[in-house]
Amino acid sequence: MSPSHRRKQLFVMALTLFLCFCAPLATATADGEPAPGSADRISLWPAGLAPGDKALDQPLQLVERSADPALPDRYVTHVSEPYLVVYRPARPNGVGLLITPGGGYKRVVLDKEGSAMAPAFVEQGGVTLFVLRYRLPGEGRADREAALADAQRALRLIRSRAAQWQLDPHRIGVMGFSAGGHLAARLGTGFDKAVYPATDAIDKVSARPDFELLIYPVIDMAGPDTHGGSRDRLLGPHPDAQLLRQYSMQYQVRPDTPPTFLVHAQDDPAVPVGNALQFYRALLTAGVPAEMHLFPHGGHGFGVRGTHGLTTAAWPRLALDWIATQPGKASP
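Residues numbered from 1 in each chain as written. Predicted model: local features only at pLDDT ≥ 70, side-chain atom pairs only at ≥ 80, totals over all residues. Heavy atoms only, no water.

Asker: Would you mind showing me how to read the overall build of the protein here?
Answerer: Along the protein, the regular secondary structure elements total 8 helices and 11 strands. Counting over 332 residues, the protein shows a buried share of 54%. Contacts in the protein between residues at least 24 apart in sequence constitute 78% of all its contacts with a sequence separation of at least 6. Only carbon and sulfur atoms are counted for the fraction: they give 56% of the accessible area of the protein, which is about 13900 Å². (Helix = DSSP H or I, 4+ residues; strand = E, 2+ residues; numbered from the N terminus. Buried < 20%, exposed > 50% of the residue type's maximum accessible area, 1.4 Å probe, protein only. Contact = heavy atoms within 4.5 Å. Areas by Shrake-Rupley, 256 points an atom, 1.4 Å probe, with all protein chains shown as cover.)

What follows is the structure, encoded as structure tokens:
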């Protein structure tokens, strides 16, 4: 059997297993995304565009970086009409998890920090995942709150339709990776911040996550732990001290920030472990329940694929066990 034939066979087997455990995508486009209007692709805003926003000059760009069909590694840019892709378990346990993938606020990674979570969290854990394709700063858009608006709207939408997905509306959390971890932390500390005008009844629902998981998150925007790329794309080349502090999430933690689960690798060369440490200290000071797992090895962006042979591979199980302990009391 040729290597190429073997790879195709493995891909078919993996796809078959996935479809056995998860609700199938009704229809899909050539790039692997659910078709617009299908049950697994949920538009955030009634008009497609967020209120007050306009379509970007360049259409949505979806890029595949992997040559192995069994290990897709797509990312998307130039999102004008943000949406969720839903991964549903055969037996939902009532927990919904909004995922905000990373990409340095330059792109949104769809598989390594999105669909690749399905085996552990959906198939084994019974969690319903909602992976967000959010608007990015720049790209001709001046609104640096666009991504937060999308995250707020997504959390509200999931909670408002909890019965549709057999979810407990008081057990809706957020999980963010890298720059998506910064976005998740912004949601957890700014869920009631007015960043867009209310459009319908969904916007009357609380946007507070019942819990949050921050995986190798970008947190600091001013000190030596800063990820310069995320800072520059979000805040521009010359942010003043007030702006840097406003978007350094360790300074925004408040007593009603949701219980938080943190994961980081000590040898992360891109987003230093000090980001997680600073946020953890802020949570302790504010009296917010927090659990942190630091691993000696893993680097950055390990997700679930980059943990083979490392103790870092334990983090999804640890996360699921932690989620199971959360009572999930939503804000009014």
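Asker: Even after reading the chapter, I still don't get the pairing of strand 11 (residues 290-295), so can you show me in this structure?
Answerer: Two faces belong to every sheet, and in a regular strand the side chains alternate between them. Relative to strand 11, strand 10 (residues 260-265) runs parallel, the two being bridged by 6 bridges. Bridging across to strand 11, A265 finds its partner in F295. Where the polypeptide runs from strand 10 across helix 7 (residues 274-286) and back to strand 11, its parallel neighbour, the crossover connection is right-handed. (Pairing = 2+ DSSP bridges. Right-handed = clockwise from strand over helix to strand, strands pointing away.)

Asker: Could you clarify how one ought to interpret the pattern of salt bridges in this entry?
Answerer: Inspection of the entire model under this criterion finds 17 salt bridges. Ionic pairing is found between R74 and D111, a salt bridge with its closest N-O pair at 2.8 Å. One end of the pair, R74, is in strand 3 (residues 74-77); the other, D111, is in the loop between strand 6 (108-109) and helix 2 (118-124), and 37 residues separate them in sequence. Across the pair R231 and D232 runs a salt bridge whose closest N-O atoms are separated by 3.0 Å. Taking the relative accessible area as the measure of exposure, R231 reaches 24% and is therefore partly exposed. We classify D232 as partly exposed; its relative accessible area is 36%. (Salt bridge = Lys/Arg side-chain N within 4 Å of Asp/Glu carboxyl O.)

Asker: How do you make sense of the layout of surface pockets when you look at a structure like this?
Answerer: Considered as a void within the structure, the second largest pocket measures approximately 240 Å³ in volume. Lining the second largest pocket are 17 residues, with G102, G103, V109, E113 and H300 positioned closest to its centre. (1 Å grid on protein atoms, 1.4 Å probe; cavity = no way out; pocket = protein on both sides within 12 Å on 5 of 7 lines; lining within 4 Å. Points joined across faces, edges and corners; volume = space filled by probe spheres on them.)

Asker: So what exactly am I meant to see when it comes to the environment of T260 here?
Answerer: Within the secondary structure layout, T260 lies in strand 10. Measuring from C-alpha to C-alpha, the distance between T260 and E212 comes to 4.9 Å, with 48 residues separating the pair along the chain. The residues contacting T260, other than those within four sequence positions of it, are E212, L214, F279, L283, P289, A290, E291 and W322.

Asker: Is there a simple way to think about the packing of aromatic side chains in this case?
Answerer: Scanning all chains against the criterion turns up 8 aromatic pairs. Aromatic pair Y216 and F302: ring centres 4.8 Å apart, planes at 70°, arrangement edge-to-face. Of this pair, Y216 sits in the loop between strand 9 (212-215) and helix 5 (228-235) while F302 sits in the loop between strand 11 and helix 8 (315-324); the two residues are 86 residues apart in sequence, bridging distant segments of the chain. Relative accessible area serves as the criterion here: at 4%, F302 is assigned to the buried category. Relative to W322, the ring of F261 has its centre 5.5 Å away and its plane inclined at 40°; by these criteria the two rings are tilted. A residue pair is termed long-range when its members are at least 10 positions apart, and F261 in strand 10 and W322 in helix 8 qualify at 61 residues. Residue W322 is classed as buried on the basis of its relative accessible area of 7%. By the ring-pair criterion, three or more aromatic residues cluster together here, those being F121, F177, Y216, F302 and W315. One cation-aromatic arrangement involves R107 over Y75; the distance from NZ or CZ to the ring centre is 4.7 Å. (Phe/Tyr/Trp six-rings, centres within 6.5 Å; stacked < 30°, edge-to-face > 60°. Lys NZ or Arg CZ within 6 Å of the ring centre and 35° of its normal.)

Shape descriptors only; they carry no functional weight alone.
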